[in-house]
Amino acid sequence: MAYSQKVVDHYENPQNMGSLDKNDESVGTGLVGAPACGDVMKLQLKINDDGIIEDAKFKTFGCGSAIASSSLVTTMVKGQHIEEAEQIKNADIARELSLPPVKIHCSVLAEDAIKAAIADYRRKRASQAAAQ
Amino acid sequence: MPRVMPIYFDNNATTPCDPRVVEAMIPYLGERFGNPASRNHAYGWEAQEAVELAREQVAALIGATAKEIVFTSGATESNNLAIKGAALYYEKKGKHIITVATEHKAVLDSCHALERDGFEVSYLDVKADGRIDLDVLAAAIRPDTILVSVMFANNEIGVIQPVAEIGALCKEKGVLFHCDAVQALAYVPVNVEALGIDLLSISAHKMYGPKGIGALYVRRGRPRVRLQALIDGGGHERGLRSGTLPTHQIVGLGKAAELCKEAIEGGEVEKIRALRDRLWSGLQAELDELYLNGSWEHRLPNNLNVSFAYVEGEAMMMGIKRIACSSGSACTSASLEPSYVLRALGVDVELAHTSIRFGLGRFNTAAEVDEALAIIVEKVKFLREMSPLYEMFKEGIDLKSIQWEAH
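Residues numbered from 1 in each chain as written. Chains lettered and ligands numbered in written order. Predicted model: local features only at pLDDT ≥ 70, side-chain atom pairs only at ≥ 80, totals over all residues. Heavy atoms only, no water.

Residue and element names in this part refer to chain B. Overall, mixed pairing links the 7 strands, which are arranged 2-8-7-6-5-3-4 in an open sheet. One side of each edge strand has no neighbouring strand; the edge strands of this open sheet are strand 2 (69–72) and strand 4 (120–124). Going from strand to strand, the sheet's axes swing by 20° on average, the running direction of each strand aside. (Pairing = 2+ DSSP bridges. Helix = DSSP H or I, 4+ residues; strand = E, 2+ residues; numbered from the N terminus. Axes fitted to C-alpha atoms, helices over the stretch in contact; angles between N-to-C directions.)

Now for the sheet that holds strand 1 (residues 27–34) of chain A. Residues and elements named next belong to chain A. Across the sheet, 3 strands lie side by side as 1-2-3; this open sheet has antiparallel pairing. Every other strand in the sheet has two partners, leaving strand 1 and strand 3 (53–61) as the edge strands with one partner each. Here the strands of the sheet are splayed against their neighbours by 10° on average, with no regard to which way each runs. Pairing of strand 2 (residues 39–47) with strand 3 involves 8 bridges; the strand directions are antiparallel. When the sheet's bridge partners are listed, Q44 is paired in strand 3 with K57. Its contacts with the sheet put helix 2 (residues 64–77) on strand 2 and strand 3, and the angle it makes with strand 3 is roughly 175°. Against the sheet, helix 5 (residues 104–131) makes contact with strand 1 and strand 2, and its axis sits at roughly 145° relative to strand 1, the strand it touches most. (Contact = heavy atoms within 4.5 Å.)

All right, on to the packing of helix 2 of chain A against helix 4 (residues 90–97) of chain A then. A packed helix pair is summarised by two numbers, namely the angle formed by the two axes and the spacing between the axes. All names here are of chain A. As a packed pair, helix 2 and helix 4 sit with axes 10 Å apart at the nearest point and diverge in direction by 110°. When the interaxial angle is binned, helix 2 and helix 4 end up roughly perpendicular. Only I93, E96 and L97 of helix 4 make contact with helix 2, whose side of the interface consists of A68, S69, L72 and V73. Residue composition of the contact of helix 2 with helix 4, by class: 5 nonpolar, 1 polar and 1 charged. (Parallel < 35°, antiparallel > 145°, perpendicular 65-115°, else oblique. Nonpolar A, V, L, I, M, F, W, Y, C, P; charged D, E, K, R; others polar.)

A few words on a nonpolar patch on the surface. On the surface, L88, L230 and I231 of chain B cluster together into a nonpolar patch covering about 210 Å² of accessible area. Judged by its relative accessible area of 36%, I231 of chain B is partly exposed. (Patch = residues over 30% accessible without salt bridge, like charges linked within 9 Å, V, L, I, M, F, W, Y side chains within 5 Å. Areas by Shrake-Rupley, 256 points an atom, 1.4 Å probe, with all protein chains shown as cover. Salt bridge = Lys/Arg side-chain N within 4 Å of Asp/Glu carboxyl O. Buried < 20%, exposed > 50% of the residue type's maximum accessible area, 1.4 Å probe, protein only.)

This part takes up the interface of chain B and chain A. Between chain B and chain A, the contact holds 29 residues from the first and 32 residues from the second. Summing both partners gives a buried area of about 2,700 Å² for chain B against chain A, and 69% of it is carried by carbon and sulfur. In this assembly, chain B and chain A are joined by 5 salt bridges. For K321 of chain B, the salt bridge identified is with E12 of chain A, shortest N-O distance 3.0 Å. The interface formed by chain B and chain A holds 12 residue pairs in polar contact (both at pLDDT 80 or more) in total. Among the secondary structure elements, those contributing two or more residues to the side of chain B that touches chain A are helix 10 (313–319), helix 12 (349–352), helix 13 (366–386) and helix 14 (388–394) of chain B. Partitioning the side of chain B that touches chain A into residue classes produces 15 nonpolar, 6 polar and 8 charged. (Buried area = accessible area lost by both parts, 1.4 Å probe. Polar contact = N/O pair within 3.5 Å; in protein donor to acceptor, adjacent residues only side chain to side chain.)

Quick look at the pairing of strand 6 (residues 176–180) of chain B now. Residue and element names in this part refer to chain B. Within strand 6, 5 of the 5 residues are buried, which leaves it mostly tucked inside the rest of the structure. Taking every second residue as pointing to the same face, both faces of strand 6 are buried, with L176, H178 and D180 on one and F177 and C179 on the other. Two strands pair when backbone bridges link them, and strand 5 (residues 145–149) and strand 6 are joined in this way by 3 bridges, in the parallel orientation. Looking at strand 6, one finds that L147 is bridged to L176. Where strand 6 and strand 7 (residues 199–203) come together, 3 bridges link them in parallel fashion. Of the residues in strand 7, the one forming a bridge with C179 is L200.

Residue and element names in this part refer to chain A. One pass over the full model with this rule turns up 38 salt bridges over all chains. K78 serves as the salt-bridge partner of D55, at 3.5 Å between the closest nitrogen and oxygen. Taken as a pair, D55 in strand 3 and K78 in the loop between helix 2 and helix 3 (82–85) lie far apart in primary sequence, 23 residues in all. Relative accessible area serves as the criterion here: at 36%, K78 is assigned to the partly exposed category.

Residue and element names in this part refer to chain B. Domain boundaries assigned for chain B yield domain 1 (19–264) and domain 2 (268–397). A C-alpha centroid distance of 30 Å is found between domain 1 and domain 2. Residue-level contacts link 32 residues of domain 1 with 24 residues of domain 2. For the pair domain 1 and domain 2, the summed buried surface comes to about 2,200 Å²; carbon and sulfur atoms form 60% of the total. Here domain 1 and domain 2 share 0 salt bridges between them. (Domains from an automatic or database assignment.)

See below:
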C-alpha cells in the first residue's frame, strides 16, 4: 500500500526511538497493544515535578503507520504538561500523518500509549507519597 | 524519471513471461489471427495447428496425452471446473468431498459454494510441517466420497504434499483425485500416470508464461473422468469449456511448458535452488530468532517462507522495498488476521505477523541474492532495535506471561 510522505519520513528517521529507565520514579511507561494483533507500542515519558514532560522515547512493533504514530507522539508531547498531553486525540495523529481508514487503529494505539504512560507515572507518584 | 524496479523475489505470486514465450506468441497477435475453430480456411488451420502443438507441449510436461488437456482462463477456472464439474457430474454417486485447510482460495471457495448446494466437505488439518497425515485422509474417505482435492505444493510456504501416496490411496478407494499443481510445474517433475492424478490444474503465469491462460488435465482412461461443464456455448474443448480459444495465449502456455520441461530435466532448477539456499544460509549466519515456516525437506526449490520474530511483516516490507516479496501479516485487512495457511500449521499468530515469503525464479542472480541479504539483515537489525518485544526477549521476559490487551 502507498504510505503518506509523513509516515515514510517518520519510518525512515524515527524521532526519539529508544528507552528510558523504567525504574526511574519520574518515568512513566505505557505498553499497549498485543503481539497477536501485530501492534505493540512502548511509550516512556520523563516528567518533572511541575508535570512537564521533559523527555519521551518509544519502541514499536508494528506496521509503518504504527511506527510513525508513536514517533510523532513523542515529538508532540515533549515540553507539554501532562494534562495537555492527555488531551491529544487519535484524530489529531491520524490527520497529521494522513492515515487511511484501515490504519486508524495505529493512531488509537498511540493515544492509548500516552494515557497509559501518564497513568503509570501517577501510580508511581501515588505509591511514593504513600510510602512517605 | 523512470521508476527503478525492485529485485523480484515474488515468483510464487507470478513469474515474468520468458522472452522466448513472448516471441512465440507475437505472430498470433498479428498476421496469424485466425480462429482455431474455423475449419474451412487456412487462417483457421494455422491457428488450430498452433493450438494442437501447445496441447502436446502441455501434455508432455505432465506425462499426459494431448486429448486430456482442456484450456481455461487460468487455474482459478481450472479448480472451479475440476471441483464443481466433478461434483455436479457424480452427485448421484455421493455428495462428499475432501480437501485441505491450506488449499488455495479457488479450491476452498469452490468447496464452500458446493456446501451451499448441499454437498458435504471435509477440510483436513495439516501437520506442523504443512503436510497432510495420510492416515487422516484414509480415515476421512467414506462410501459417498467422490473427490479428493489436494494441492501439489503450497503457494505461501512451498510445502509439497505426498502426492503419489494420495494418488495411490484414491485409486485404492475408487475416489477421484484432483491436484492443483500450479506452483509445482516449473520446478518439480510431475507425471499424472506415476502419481495417480485424475484432474490437474495448470496456470501459465506461474511458469514463465502469460496471464489469462491455464489448463485442466482430465483423465481419459482408467478411469475416464467426466465433468459437468460450467460455461455453456459453442462446445469448444470437447464441450467442457466453451469460448473461442485465445490462440496467442495458448501458444504462450505451450512454449512455457516446453521450457519448464527443459529447465527441470536440464538442471536449471538446481540453480534456483542454490540461490534460495544461499539466501537462507546467509540470513541464518547474520540473524537470530528466525523461524522457517513449513517443511524444509518437502519444499519447492524456489520458496523460502520465514518469520523474523519481533519484526512486524508490513514494517519489514516497507524497509526492504528494494525487494519485491510478500508478507503473511495482514495489517491492512479489517480482520487483522494473518495468513490462514500459517495458522493451519499451528504457527503462533505473533510469528505469523512477522512472516515474509521469498519466491525465487528463473531470472534471479547470485548478485541479487547478495544485495537482498545485505538489505534484509540491516533492516531486521534496525527494526529489532526499535521493537519493544525484541528488547523484552533480550531481557529474558517471557512474552506469553504478559497480559496483553487485544484491540
